[in-house]
Amino acid sequence: MKLQLHWQILISIILAVVVGTAFEPTTTIFSIPLLSIFEFLGTLFLNALKMVIVPLVLSSIICGMSGIGSGGNLGRLGGKTLAFYMISSLLAILMGLFLVNMIQPGIIGGEPAKELLGLTIDGQVEQKLESIGNRGAGDIAEVFLRMVPPNIVFAAAQGQMLGLIFFGILFGFFMLKIENEHKNIMIGFWQGVFQTMMFITMFVMKLSPYGVFGLVATTAIATDFRELMETVGLFFLTVAMALLAHALITMPILLKVLGRVNPVKQIKALSPAMLTAFSTASSSGTLPVTMECMEKNAGVSNKTTSFVLPLGATINMDGTALYECVAAMFIAQAYGLELSFSVQFTIVVIALLTSIGVAGIPSASLVAITVILSAVGLPLEGIGLLMITDRILDMMRTTVNVFSDSCCATVIARTEGEETSLQ
Ligand code: ASP
């Protein structure tokens, strides 16, 4: 009997944490640094997942469009999807806002924690922000500009998913209008591409326990858990609790009420994708796995997943929105800023809007947080504080991001009258 994939991944995550914490970053084996072996394994796996994304997204959207058909259907499906994404992100932010106000991680012993935490900006932060560059940008006008890229090949090469999705929608829509003879060839071709990509994904996933081990061990070896708990432990716990509450209370209620499905079955069906999201901290990178889980395990039609999931991986980020809000509030508290209703309202709105523009790559929300901090007049140095916990919280928020996308796909499928295997 072979162990199921999600158990294999879970075991490798646990092993990686054990191994990563047991060794120092400087440990070598046959004079090769252990860290670079872990990094190699992790990067190889991540590259293999990313390799599939462009052809997968394009072919899946085009196939999805040929299933959706007429303009009216597209409008209805698109409207429902966007509404769900907005509402779930807003609920996530409000959960974060509630807990950060209750716990007040930025206030220690009744005083703003600024002095205690020794807020400083270091080179590491600047470097990180630079490496994310415009891919994490949070400007809403820019989101629209990115949606219509002047050069689709360039957009694809840059991993700009929004442009790819928009092009795919147009392509699929107008493909249905050409002569039958050509249309059938095109549909057959794109379906062939799509199915091949899914097979490649399955193949990559078979090797995922090794890749996941590399990714998680890299994080574990580089993180000083004691320092983390001593300095920003309360902030870490606030974010973790809010994410858990959103995933285990809010989303299940939405699933139950709107989709009439069993949330436990949803979590089970999605577990390989959620574990992959946790290890990679990239919702774009996880997309192939999410699609596979939703179609194979949850029984949601390709018509729905192919439209809802790529869009979700790009614009719907509940965990990220929640994190942005809690992080900005934490920094505001630590600096002793007056947190009036209007400041909090501004933070909520910007967190919601910027989470749409954040790319599905590791650490992308740091850029969005700089947008919030500037908007409410806080110094960007505060970001230095977030660096200590960023990777681990990134892993958690990405898991929530992916879970929320899948919940949307389920709800849309059910409201469109689909029988899934989640009831
Ligand atoms: N890493 C997140 C994702 O890929 C984005 C972020 O919050 O930084 O979904």
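A short tour of the structure in this document, coming up. Quantities reported herein were computed from a predicted structural model and do not represent experimental measurements. (Residues numbered from 1 in each chain as written. Predicted model: local features only at pLDDT ≥ 70, side-chain atom pairs only at ≥ 80, totals over all residues. Heavy atoms only, no water.)

The subject of this paragraph is helix H12 (residues 263–280). Compared with an ideal rise of 1.5 Å per residue, which puts 18 residues at 26 Å, H12 spans 24 Å between its outermost C-alpha atoms and is within 8% of the ideal. Considering bend angle alone, the principal kink of H12 is centred on Ser-271 and spans about 60°; proline Pro-272 follows within four residues of it. Of all 18 residues that make up H12, 13 are buried, and the element is covered over most of its length. Between a side-chain oxygen at the N-terminus of H12 and the backbone nitrogen of Val-264 the separation is 3.0 Å; the capping residue is Asn-262. Trailing H12 by a residue or two, Ala-281 shows a phi angle of about 55°, which is positive. (Helix = DSSP H or I, 4+ residues; strand = E, 2+ residues; numbered from the N terminus. Expected span 1.5 Å × (residues − 1). Bend = angle between axes of the 7 residues up to and from the residue. Buried < 20%, exposed > 50% of the residue type's maximum accessible area, 1.4 Å probe, protein only. Polar contact = N/O pair within 3.5 Å; in protein donor to acceptor, adjacent residues only side chain to side chain.)

Further remarks concern the pattern of salt bridges. Should their charged atoms come close, side chains of opposite charge can pair. A complete count under the given rule lists four salt bridges for this structure. Between Glu-416 and Lys-80 there is a salt bridge, with the nearest N and O atoms lying 2.7 Å from each other. In this pair, Glu-416 sits in the segment after helix H18 (383–415) while Lys-80 sits in helix H3 (residues 71–103), placing the two residues 336 residues apart along the sequence. Residue classification places Glu-416 among the partly exposed positions, given a relative accessible area of 23%. Taking the shortest distance from any N to any O, the salt bridge between Asp-394 and Arg-397 comes out at 3.3 Å. In this pair, Asp-394 and Arg-397 both sit in helix H18, three residues apart, roughly one turn of the helix. Both residues of the pair, Asp-394 and Arg-397, count as buried. Each of Arg-76, Lys-80 and Glu-416 takes part in a single network of salt bridges with overlapping partners. (Salt bridge = Lys/Arg side-chain N within 4 Å of Asp/Glu carboxyl O.)

A surface patch of nonpolar side chains, amounting to about 570 Å² of accessible area, comprises Leu-244, Leu-248, Ile-249, Ile-253, Val-257 and Leu-258. Its location among the elements puts Leu-244 in helix H11 (residues 225–259). (Patch = residues over 30% accessible without salt bridge, like charges linked within 9 Å, V, L, I, M, F, W, Y side chains within 5 Å. Areas by Shrake-Rupley, 256 points an atom, 1.4 Å probe, with all protein chains shown as cover.)

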